[in-house]
Amino acid sequence: MSGRSTAFDLTGDVALVTGSSRGIGKTIAFGLAEAGASVVLNGRNEDALEQTRVEFEDHFGSDRVHVAGFDVTSPDAAAAGVANIERTVGPLDILVNNAGVQHRVPMLELDPADWDRVLSTNLTSAFLVGREAARQMIPRGRGKIINILSVQADLARPTIAPYIASKGGLRNLTRAMTAEWAAHGLQINGLAPGYIHTEMTQNLVDDEQFNSWILGRTPAARWGKTEDLVGPAVWLASRASDFVNGQTIFIDGGMSVVV
Ligand code: NDP
């Protein structure tokens, strides 16, 4: 017996959520903190991070809220960031690779620099930060890595080729991490959100035609809320998922199972 109240209790765990100054990452970080974890917020914009930190501190106190502002696309920054968390906050138990960007343009007009930027933010970052975290977790024989994918890991649409490629790659990176690290006590899984109303999708919500397409295309007949990701994230971060390895769970109101 661990002394924790339920298999979903994260008391005493340290969780880094990349891209948690706003949007899905912020809500997941909040949910992990509500489940008992100490959370480390990440992003590049320091003012946005500070604002989120203050908000979290009001709820959870300063001991359980920390900031590690670094660019997840930089190998050096990822290494220094994880090392600093281990030194100043404590052993990292949970990593959520959430930071991501979108870029909408037809493929024939796509600038290779934008292709690289999307791939490095959405895919390479998970390799870089994930590997640094795993280097710490493996000797301890435990750790949870949650990669945030998208229904676009499986489904394509015009004008977002690098995003689709990055999320499909991240689904398979989740499997590759499992193949190499599961025997060391780590569980690595993916959450694939459908269309969630955030800053990233505000322009789509405002587009009447797209909005009504989403409502008709989604069996649940609504946009997702960032809160819809919290239960699945807490589950994958907790002991309740100790034999769940390499899976992708779609949180999409049923969108990916209907035509
Ligand atoms: P937002 O644009 O609202 O937030 C993105 C976060 O990532 C911000 O905190 C941003 O902070 C951070 N970020 C971006 N680039 C970097 C970087 N290089 N280094 C560190 N942090 C970075 O996005 P969402 O909340 O909408 O999306 C979060 C994740 O969920 C993404 O992976 C996205 O692909 C995925 N997703 C979103 C869906 C949706 O409908 N919204 C649907 C399916 C998946 P800063 O800019 O200051 O660095």
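Residues numbered from 1 in each chain as written. Predicted model: local features only at pLDDT ≥ 70, side-chain atom pairs only at ≥ 80, totals over all residues. Heavy atoms only, no water.

By the naming in an unreviewed UniProt entry, the protein goes by SDR family oxidoreductase and is assigned to Arthrobacter vasquezii. You can read under Sequence similarities (unreviewed entry) in the UniProt record for the protein the words "Belongs to the short-chain dehydrogenases/reductases (SDR) family." (UniProt positions renumbered as here; feature names shortened; annotations may be inferred.)

Concerning the pairing of strand β5 (residues 143-148)
Of all the 6 residues making up β5, 6 are buried; the element is thus mostly covered by neighbouring parts of the structure. Across the two faces of β5 the burial is the same, with Gly143, Ile145 and Asn147 and Lys144, Ile146 and Ile148 all buried. Relative to β5, strand β4 (residues 94-97) runs parallel, the two being bridged by 4 bridges. Note that in β5 the partner of isoleucine 94 across the bridge is lysine 144. For the handedness criterion, the β-α-β arrangement of β5, helix α5 (residues 161-181) and strand β6 (residues 186-193) is classed as right-handed. (Buried < 20%, exposed > 50% of the residue type's maximum accessible area, 1.4 Å probe, protein only. Helix = DSSP H or I, 4+ residues; strand = E, 2+ residues; numbered from the N terminus. Pairing = 2+ DSSP bridges. Right-handed = clockwise from strand over helix to strand, strands pointing away.)

Some details on the side chain of aspartate 13
When you line up the elements, aspartate 13 lands in the segment before β1 (14-17). Aspartate 13 gets classed as buried once you look at its relative accessible area, which sits at 4%. Look past the residues within four positions of aspartate 13 in its chain and what remains in contact with it is Arg4, Ala37, Ser38, Asp93, Ile94 and Arg142. (Contact = heavy atoms within 4.5 Å.)

Here we look at the site of the ligand
Around the ligand sit 30 residues in total, of which Ser21, Arg44, Asn98, Tyr163 and Thr198 are the nearest. Between the ligand and arginine 22, the relevant distance is 3.1 Å, taken from an oxygen atom to a side-chain nitrogen or oxygen of the residue. About the coverage of the ligand: the protein hides 95% of its 890 Å² of free accessible area. For the shell around the ligand, the elements supplying multiple residues, two or more each, are α1 (23-34) and α5. Of the residues in the shell around the ligand, the class split is 11 nonpolar, 15 polar and 4 charged. (Near = heavy atom within 4 Å. Polar contact = N/O pair within 3.5 Å; in protein donor to acceptor, adjacent residues only side chain to side chain. Areas by Shrake-Rupley, 256 points an atom, 1.4 Å probe, with all protein chains shown as cover. Nonpolar A, V, L, I, M, F, W, Y, C, P; charged D, E, K, R; others polar.)

Notes on the pairing of strand β2 (residues 38-41)
Of the two faces of β2, the one holding Ser38 and Val40 and the one holding Val39 and Leu41 are both buried throughout. Sheet analysis places β1 next to β2, joined by 4 bridges and oriented parallel. Its bridge partner being in β2, valine 17 is matched across the sheet by leucine 41. Considered for its hand, the β-α-β crossover made up of β2, helix α2 (residues 46-60) and strand β3 (residues 65-67) is right-handed.

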